[in-house]
Amino acid sequence: MFYELFLRSFADGNGDGIGDLKGATAKLDYLKELGMEGIWLLPIMSSPSYHGYTVTDFYDVNSVYGDIKELRHFLAEAHKRNLKVILDLPLNHTSTNHEWFLRALNGEKPYSHWYLWLENKSWLQARRPWDKQKVWTPINDTFYYSLFGPGSPDLNYESDSLWQEGRRILTFWLSLGFDGFRFDAAKHIFDFSRESGNCEYLHDKNIEFWADMVTHSKKINPDAVFVSEVWDDWETVENYSSTFGIGFNFPLSYVVKEAIEEKSATKFVKGLRGTMPHYFDDARSFESGIFLTNHDMTRLVTSVGGNHSLALFAMSVLVGVPGLPFLFYGEELGMEGTYNELFNEEQLEPFPWYESGFGPGQTEWKAVDKNRPNTGRSYETQKSRKDSFFSNYKRIVAFRRDHPWIRCARVETLYEESGCVHMTLKSETREMTLVYNFSDAPVWAECRGKIVNLVGSAHGSDNRVLLEPWTSVALK
Ligand code: ACG
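Basis of the calculations
- Residues numbered from 1 in each chain as written.
- Predicted model: local features only at pLDDT ≥ 70, side-chain atom pairs only at ≥ 80, totals over all residues.
- Heavy atoms only, no water.
- 1 Å grid on protein atoms, 1.4 Å probe; cavity = no way out; pocket = protein on both sides within 12 Å on 5 of 7 lines; lining within 4 Å.
- Points joined across faces, edges and corners; volume = space filled by probe spheres on them.
- Helix = DSSP H or I, 4+ residues; strand = E, 2+ residues; numbered from the N terminus.
- Nonpolar A, V, L, I, M, F, W, Y, C, P; charged D, E, K, R; others polar.
- Salt bridge = Lys/Arg side-chain N within 4 Å of Asp/Glu carboxyl O.
- Buried < 20%, exposed > 50% of the residue type's maximum accessible area, 1.4 Å probe, protein only.
- Pairing = 2+ DSSP bridges.
- Axes fitted to C-alpha atoms, helices over the stretch in contact; angles between N-to-C directions.
- Near = heavy atom within 4 Å.
- Polar contact = N/O pair within 3.5 Å; in protein donor to acceptor, adjacent residues only side chain to side chain.
- Areas by Shrake-Rupley, 256 points an atom, 1.4 Å probe, with all protein chains shown as cover.

S.K.: In this structure, what is going on with empty space enclosed by the protein? I would like to understand it.
M.R.: One simple way to see leftover space: roll a probe sized like a water molecule over the atoms. Using the criterion set out here, one finds 1 cavity of 30 Å³ or more in the structure. Estimated volume of the largest cavity: approximately 40 Å³. Lining the largest cavity are E4, W40, F248, F291, T293, N294, F326, L327 and F328. Top element by residues in the lining of the largest cavity is strand β14 (residues 324-328). It accounts for 3 residues. Among the residues forming the lining of the largest cavity, the class breakdown is 6 nonpolar, 2 polar and 1 charged.

S.K.: For this particular structure, what's the right way to read the layout of surface pockets?
M.R.: In this structure, the largest pocket encloses a volume near 1,100 Å³. For the largest pocket, the lining is made up of 39 residues, of which R128, F148, Y339, E341 and N344 are closest to its centre. Split by residue class, the lining of the largest pocket holds 16 nonpolar, 15 polar and 8 charged.

S.K.: Explain the pattern of salt bridges to me, please; I cannot follow it from the model alone.
M.R.: Pairs can form between side chains of opposite charge once their charged atoms are near each other. For the structure shown, the criterion picks out 28 salt bridges. E77 serves as the salt-bridge partner of R81, at 2.9 Å between the closest nitrogen and oxygen. Each member of the pair, R81 together with E77, is buried. Linking R410 and E412 is a salt bridge whose minimum nitrogen-to-oxygen distance equals 2.7 Å. Connected through salt bridges with shared partners, the residues D29, E77, K80 and R81 form a single ionic network.

S.K.: Please explain the sheet that holds strand β21 (residues 464-467) as it appears in this structure.
M.R.: Paired through backbone hydrogen bonds, the strands of a sheet run either parallel or antiparallel to each other. One open sheet holds the 3 strands; their spatial order is β18-β21-β20, and the pairing between them is antiparallel. Strand pairing shows two members of the sheet lacking a second neighbour, β18 (443-446) and β20 (458-461), which therefore form its edges. Adjacent strand axes in the sheet meet at a mean angle of 25° when their direction is disregarded. Bridge count for β20 against β21 is 4 bridges, and the pairing is antiparallel. Across the sheet, A458 pairs through a bridge with L467, a residue of β21.

S.K.: Hey, could you run me through the site of the ligand in this one?
M.R.: Around the ligand, the structure places 20 residues, and the nearest of them are D184, H188, E229, D296 and N344. Side-chain polar atom of H295 to an oxygen atom of the ligand: 2.9 Å apart, as the coordinates give it. In isolation the ligand offers 920 Å² of accessible surface; the protein chains occlude 78% of this area. Across the shell around the ligand, the residue classes break down as 7 nonpolar, 6 polar and 7 charged.

Below is the structure:
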């Protein structure tokens, strides 16, 4: 399992209230103890933004997070604990403060070719596919293409010299010791068509680009891990995933939450079949990066109406699905927060180490609203309570860690019966049936084998077991 870590909110190592590498290094034992095998580090490069996705130097660490020396130490300490670390790399665009953009505005070569400039006024009618936002930003007497907003001028990989620069960036971070990358906005590298003057995903060109970047990276580290962010329907996700090896399964994150919201085992059965056809056979060319929420989404507990039992049930479903699970930092404490396009920070609040809200290493970079002190949500309060959200969450993580074979298992059978999902997983040597009661009513289910209760409560007798509402069991 990988932990999606937002450095700024995690742990502060130098007392400035902003999370940093030194602080995160001091918490690596916490991540190990939680049961993690890897870390997805959200962008750490020099950037003027709190989120770090608009970069001003691809070859340095944001000074608020530390320096290259501290990064090397973080990576060495992570590796000592058998924790892999992949870096979130937003190659699609830069900040408007990047030197490249400033030199491009002065007409300097090759930098002026490294961005997209308006060549035809008809292009101004182009709109962002998912929310119809404008994508051209005026500056001086021209416009630049900026799909993610005026602060993020897109890079133009039609330029060969920029393509080579992309390889150099990957070499730099792999040589420092990263175990791979989460490639941001992977379907956007080529997403504007000069012919049509519209936003169009040029998927073949995108895949050609990424295949080159992955091939280049593997020459440096043949075991490197690559995860693609392609936030789209399953066919599109599948189209890219074999190039990277792991593709985030966005549709599944919706299927789990919607099936719970609609109390529909059928929705989950149809959804899993629809988002993971490759699970029903062995010939798969990639793995699903499976997750419930990420930094671009409303947090798990908030998305299930603040109901801790439903959130833990969702987690028990996730750990029963083959693929590589990713957990968003703070999800283990039941942190809350709603995603809002304009103020995309609420789901990125400081990790609450202390019940009082303050203590050594506590980050304070932004006011806390959705995860306030003295509400019982802190690690300090939850860690020692057997019945806390954290203790239950950790137990569910341990279930998956104790059955690593599930990652590459095949879904042998999957069906709905009386509001329950029955899913049998199979590998060469192992088999397990999971039963999930996706309803508010207790349900009797035929169950053979030793019952392991994941969440909720179940009472077995002979070959039948009564599953209370929102209960999940594993039968071994
Ligand atoms: C990445 C990062 C994100 C970051 C950027 C820019 C990109 O995770 O934190 O923003 O560096 C699109 C892109 C993603 C992008 C998100 C934010 N995420 O594709 O790469 O926007 C639809 C579209 C998606 C779109 C999504 C946005 O298809 O392309 O993602 O909407 O909500 C069903 C459909 C599916 C649909 C969903 C949701 O699932 O099947 O297609 O997705 O419903 O409707 C960062 C900051 C931002 C800042 C930016 C500059 O986080 O705040 O503005 O940097």
